[in-house]
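Close look at the chain arrangement
Spelled out from the first residue to the last, the chains are:
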Amino acid sequence: MKRFLDLNFYELLEVAYDASPFEIRRAYKEMVQLYQGDSLASYSFFSREERQEILAKLDEAYSTLIDEKKRFHYDQLLIERGVLEEEMKYRGDRKTLSFMPNAKRSRTNELSRRKNELKASVSSNSVIQEILSRDILSGKDLKKIRDELGVSLEMISDIAKIRVVLLRAIEEDQFGKTLSRMFLKSFLRSYAQCIGLDADVVVNRYLKGVID
Amino acid sequence: MAHIWPIGGGKGGTGKSFLTGNIGILLAKQGFKTLLIDADLGAPNLHTIIGLSNPTLSLSDFLNKRIPTLQETVLEMPIHNLFLISGTRNKLDIANLAHEQKIKMLRAISKLDYDYILLDLGTGTSFNTIDFFTLSDSGIFVCTPEPTSIENIYRLIRSVYVRKIRQVLKIHRFRTLAQEAEAQNQDAIVQSPETLLDVLKNTQPEEGKRLEASLKAFQFKLIVNQVRRQDNPKIGILICKVIGRHLGLKIQFLGNVSFDENVHEAVCRKEPFIDQYRYSQATLELKAVVKGIVGTTEEQAATLSPTASA
């Protein structure tokens, strides 16, 4: 058995090397509950000094792992010692935790952050410009633009709060009787805004194709 | 060979006898030939828990050589498959057994032929109590969710741990080495027995490893008894965690058993609790505990000798 105070910060908090800040915070809270002075479970097990030493160590572990920069340096240290391998490391936003409400929000932010970038690529991309120069826009045209921009339907669905099925129906001109004109308009507007297009232009030209 | 389960708890009134009696009845009802031994020599009352007010034979009959073998002091209980060696009718000074008597008794117990042998141990951490833990690789610790009880359970577990280390060391003739280690860290050992292991590992790495391996074989369990609604139900898991992390000793949490006013009623009527209150929370939890015990012994049997059968 490894002596307790020789444990590294991850072992100390009993979290995986790629634990998210959320998991680290939760683990820390649990550990403090276990080791704090009025904890029933560890009552009489430790002397006051031992307890203080453990709590200080826990604090150190927590404050290191919860801080992105400090954690990065600590991970480097572990890698040098051969404890940790590069692939096992935590890589922030690469790991999407779908069960966490925060994860979705961060993805949403990603798209809205890219809004200016999207607008720029709309105006600079020749394929998109060619499509936009047409008088009538079909669902296929919209899909082409979206593909050019590299935006997935799921991403639009997350922001616009429109189900993917409906978005796909619009792109395939298959919405038929399922959508009233009013909803269609508003969905098209959201769709356009999400990928950095002029909403009025898209709505007008798309509807032209539908009415006739 | 019988599975011997010492049941101890450091502090009095935690329900050792209650648990031993009721677990024993449940095991017997599942068809296991079960022997209960009241090893609480100073204050025996296991017989009352299972509804026998006047045992005719007892352990001291064997120790006094009035009866030649321990097997002959076994009393058959009205419940099928359940047997008892009572601790009553003992001489009043029997709580302090002489060393030879204890050895004789331990030897006799390990020779008995039952599926399960449950030992109801006395309180405290005297050698009389903890030596029973050396009988087996299993053992159940009982505590209640109170600081006093938890304090004593840690004390007992540490004592058993040290005793086990000593036992293993003696077997491998490392006794002098242990004494040396003990002398080096006199205070530390009382505080944390793992230092003994550390010293040994430093001076004699190979022997240290062997000791560590044999300590890993111990299958200690924990039951938290008399859990009231306002208590933290996770306390048992946390205790096991502390022990695992700081003593390097793996203890499995068998479960909580709820506090139940009816236990008092049952004891006063001198009738087994689980027969009286078959569907109470505590009874259901006791059944879960028994499941854990049976599961462990099956596992042990499977790892030790895959072909042997009960």
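Residues numbered from 1 in each chain as written. Chains lettered and ligands numbered in written order. Predicted model: local features only at pLDDT ≥ 70, side-chain atom pairs only at ≥ 80, totals over all residues.

So, the overall build of chain A
Per the secondary structure count, chain A includes 12 helices and 0 strands. For chain A, the α and β elements follow one another from N to C terminus as α-α-α-α-α-α-α-α-α-α-α-α. Looking at chain A as a whole, 21% of its 212 residues are labelled buried. Here the analysis covers contacts within chain A between residues at least 6 apart in sequence; of these, 55% occur between residues at least 24 apart. (Helix = DSSP H or I, 4+ residues; strand = E, 2+ residues; numbered from the N terminus. Buried ≥ 20, exposed ≤ 12 C-beta atoms within 10 Å, placed from the backbone. Contact = placed C-beta atoms within 7 Å.)

Description of the overall build of chain B
Each helix and strand in chain B was counted, giving 14 helices and 8 strands. Looking at the 310 residues of chain B, the share that counts as buried comes to 45%. A fraction of 75% describes how many contacts in chain B between residues 6 or more apart in sequence connect residues 24 or more apart.

Observations regarding the packing of helix α2 (residues 21-35) of chain A against helix α3 (residues 48-66) of chain A
Residue and element names in this part refer to chain A. Running from N to C, α2 and α3 cross one another at 170°; their axes reach a closest spacing of 10 Å. Comparing their axes, α3 and α2 come out roughly antiparallel. Together, Pro 21, Ile 24, Arg 25, Tyr 28, Met 31, Val 32 and Tyr 35 of α2 and Arg 51, Ile 54, Leu 55, Leu 58, Tyr 62, Leu 65 and Ile 66 of α3 make up the contact between the two elements. Of the residues that constitute the contact of α2 with α3, the class distribution is 12 nonpolar, no polar and 2 charged. (Axes fitted to C-alpha atoms, helices over the stretch in contact; angles between N-to-C directions. Parallel < 35°, antiparallel > 145°, perpendicular 65-115°, else oblique. Nonpolar A, V, L, I, M, F, W, Y, C, P; charged D, E, K, R; others polar.)

Focus: the interface of chain B and chain A
Counting residues at the interface gives 14 residues for chain B and 9 residues for chain A. When contributions to the side of chain B that touches chain A are tallied by element, the ones reaching two or more residues are α6 (147-171) and α11 (235-246) of chain B. Here the side of chain B that touches chain A takes 7 residues from α11 of chain B, the largest share from any one element. Per-class residue counts for the side of chain B that touches chain A are 8 nonpolar, 3 polar and 3 charged.

Things to note about the confidence of the model for chain A
Residue and element names in this part refer to chain A. On average, residues of chain A score 83 in pLDDT, and 87% of them reach the 70 mark or higher. Confidence scores differ between elements of chain A, with helix α5 (residues 101-113) showing the lowest mean pLDDT of 56 and helix α1 (residues 9-13) the highest of 93. Confidence drops under a pLDDT of 50 for residues 94-98, and excluding neighbours within four residues, the segment shows 6 contacts in the predicted structure. (pLDDT = per-residue confidence, 0-100.)

A closer look at the sheet that holds strand β6 (residues 138-143) of chain B
All names here are of chain B. Sheet architecture is open: 8 strands sit in the order β3-β4-β2-β5-β1-β6-β7-β8, paired in mixed fashion. The open sheet has two edge strands with one neighbour each: β3 (75-76) and β8 (251-258). Relative to strand β4 (residues 82-85), strand β2 (residues 34-39) is paired through 4 bridges, and the arrangement is parallel. Each bridged residue has a counterpart across the sheet, and for Thr 34 the counterpart in β4 is Leu 82. Packing of helix α1 (residues 16-29) onto the sheet brings it into contact with β1 (3-8), β2, β4, β5 (116-121), β6 and β7 (219-227), and relative to β5 it is tilted by some 170°. (Pairing = 2+ DSSP bridges.)

What to know about unusual backbone geometry
The backbone phi angle of Asp 173 of chain A is positive, close to 55°, even though this residue is not glycine. Along the polypeptide, Asp 173 of chain A turns up in the loop between α10 (164-171) and α11 (181-194).

A few points about helix α4 (residues 68-81) of chain A
Taking 1.5 Å of rise per residue, 14 residues should cover 20 Å, and α4 of chain A covers 20 Å from first to last C-alpha, within 8% of that figure. At the exit of α4 of chain A stands Gly 82 of chain A, carrying a positive phi of roughly 80°. (Expected span 1.5 Å × (residues − 1).)

Digging into the environment of Leu 211 of chain B
Residue and element names in this part refer to chain B. Relative to the helices and strands, Leu 211 is located in helix α10 (residues 205-216). In this structure, the C-alpha to C-alpha distance between Leu 211 and Gly 31, residues 180 residues apart in sequence, is 36 Å. Setting aside chain neighbours within four positions, we find Leu 211 in contact with Ile 165, Val 168, Leu 169, Leu 197 and Leu 200.

Things to note about the nonpolar core
Of all hydrophobic cores here, the largest spans 101 residues; its most connected members are Leu 13 of chain A together with Leu 119 of chain B. Element by element, the count of residues in this core is highest for α6 of chain B, at 10 residues. Not counting chain neighbours up to four residues away, the residues in contact with Leu 13 of chain A comprise Ile 24, Ala 27, Tyr 28, Met 31, Ala 61 and Tyr 62 of chain A. (Core = buried A, V, L, I, M, F, W, Y, C linked by C-beta atoms within 7 Å.)

Points about the environment of Ile 24 of chain A
Mapped onto the fold, Ile 24 of chain A is located in helix α2. Ignoring sequence-local partners within four residues, the contact set of Ile 24 of chain A consists of Leu 13, Val 15, Ala 19, Tyr 62, Leu 65 and Ile 66 of chain A.

Structural notes on the pairing of β2 of chain B
Residue and element names in this part refer to chain B. Within β2, 6 of the 6 residues are buried, which leaves it mostly tucked inside the rest of the structure. Of the two faces of β2, the one lined by Thr 34, Leu 36 and Asp 38 and the one lined by Leu 35, Ile 37 and Ala 39 are each fully buried. As paired strands, β2 and β5 are joined by 6 bridges and run parallel to one another. Directly across from Leu 35, in β5, lies its bridge partner Ile 117.

Describing the confidence of the model for chain B
Low pLDDT marks regions whose predicted coordinates should not be analysed in detail. Residue and element names in this part refer to chain B. Residues at a pLDDT of 70 or more form 87% of chain B, whose mean pLDDT is 84. Of all secondary-structure elements in chain B, the lowest mean pLDDT belongs to helix α8 (residues 186-191), at 47, while α1 reaches the highest, 95. With a pTM of 0.70, the predicted complex shows an ipTM of 0.74.

Let's talk about the packing of α10 of chain A against α11 of chain A
Residue and element names in this part refer to chain A. Contact geometry for α10 and α11: axes closest at 11 Å, N-to-C directions at 90°. Taken as axis vectors, α10 and α11 run roughly perpendicular relative to one another. Contacts between α10 and α11 involve Leu 166, Leu 167 and Ile 170 on the former and, on the latter, Phe 187, Leu 188 and Tyr 191. Its residues assigned to classes, the contact of α10 with α11 comprises 6 nonpolar, no polar and no charged.

As for the pairing of β8 of chain B
Taking burial as the measure, the 8 residues of β8 of chain B include 6 buried ones, the bulk of the element. Handedness of the β-α-β unit built from β7 of chain B, α11 of chain B and β8 of chain B comes out right-handed. (Right-handed = clockwise from strand over helix to strand, strands pointing away.)

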